[in-house]
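Structure assessment
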Amino acid sequence: MVISYNELEDKYSNYSNISVKVNNLVKKGDLIKLKRGLYCDNKSEKRGIIANIIYSPSYVSFQSALAYYGMIPERVYATTSATALKGKSKHYSNLFGDFYFNDVPASAFPYGIILNEEGYKIATKEKALADMLYSLEPVSNQKELVALLFEDLRIDEDEFMTLSLDELEFILPRYRSTNTDLLLKVARKIFAKRG
């Protein structure tokens, strides 16, 4: 369970020096410091839950979500989440690993987020791909986008075909970026060929 320092103050209010008590619990391994003022007492807590709480509002996305859905072959060790209107990227490191938080457009942020069976907010496949492409340098044309998708990012082609074109058509224009605009054109062509 994730616990704030204020909650620990209430729990250990009978101690004369609560910060010493908390530091001792951290040293013993009974508490894990996530960031300043935030702790966890469960060593097996899901990293996605930790990510959602460390920096809020946020949801797991980018490579982390693409790997979760099996859309990329690589195993991802850091957890990368999306935020909006923060103005800068954030990085936190603790015993659970590295956590990165990157902005996406506020116009796209609230859409395409689900609560998965593990209990944390994560982008849908379509949203994770859109976030990923938004974060990359723009390519010039559809051919370069296809190369970016299937060669550079190594998106699984079978998994790509499981994407919802309706969802892509809804979410992609909200980014107002070259890569997401090109993805919509490419997806329409690919799905039209499928029939």
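The notes below deal with the structure included here. (Residues numbered from 1 in each chain as written. Predicted model: local features only at pLDDT ≥ 70, side-chain atom pairs only at ≥ 80, totals over all residues. Heavy atoms only, no water.)

The buried fraction of helix α5 (residues 125–135) amounts to nine of the eleven residues, a majority that puts the element mostly inside the structure. Buried within α5 are the following residues: Lys125, Glu126, Lys127, Ala128, Leu129, Ala130, Asp131, Met132 and Leu133. (Buried < 20%, exposed > 50% of the residue type's maximum accessible area, 1.4 Å probe, protein only. Helix = DSSP H or I, 4+ residues; strand = E, 2+ residues; numbered from the N terminus.)

We now examine the environment of Leu25. Counting through the fold element by element, Leu25 comes out in helix α2 (residues 18–28). Its relative accessible area of 8% is what places Leu25 among the buried residues. Between the alpha carbons of Leu25 and Asp41 there is a distance of 9.5 Å; along the sequence they are 16 residues apart. Excluding residues that lie within four positions of it along the chain, Leu25 makes contacts with Tyr12, Asp30 and Leu31. (Contact = heavy atoms within 4.5 Å.)

For the structure on display, the rule yields eleven aromatic pairs. Each ring, one from Tyr12 and one from Tyr15, has its centre 5.7 Å from the other, and the planes form 80°; the classification is edge-to-face. Accessibility expressed as a relative area gives 38% for Tyr15, which makes it partly exposed. Here the aromatic cluster, defined as three or more aromatic residues joined through ring pairs, consists of Tyr55, Tyr92 and Phe101. (Phe/Tyr/Trp six-rings, centres within 6.5 Å; stacked < 30°, edge-to-face > 60°.)

What follows deals with the environment of Asp181. In this structure, Asp181 sits in helix α9 (residues 178–194). Since its relative accessible area comes to 38%, Asp181 is described here as partly exposed. The spatial distance from the C-alpha of Asp181 to the C-alpha of Leu133 is 10.0 Å, given a sequence separation of 48 residues.

The next subject is the sheet that holds strand β1 (residues 2–4). What links the strands of a sheet is backbone hydrogen bonding, and the strands pair in either a parallel or an antiparallel sense. Strand order in the open sheet made by the three strands is β1-β3-β2, with antiparallel pairing throughout. Strand pairing shows two members of the sheet lacking a second neighbour, β1 and β2 (32–35), which therefore form its edges. Taking the axes of each pair of neighbouring strands and ignoring which way they run, one obtains an average angle of 35° across the sheet. Pairing of β1 with strand β3 (residues 38–40), which is carried by three bridges, proceeds in the antiparallel orientation. Looking across to β3, one finds that Ile3 is bridged to Tyr39. (Pairing = 2+ DSSP bridges. Axes fitted to C-alpha atoms, helices over the stretch in contact; angles between N-to-C directions.)

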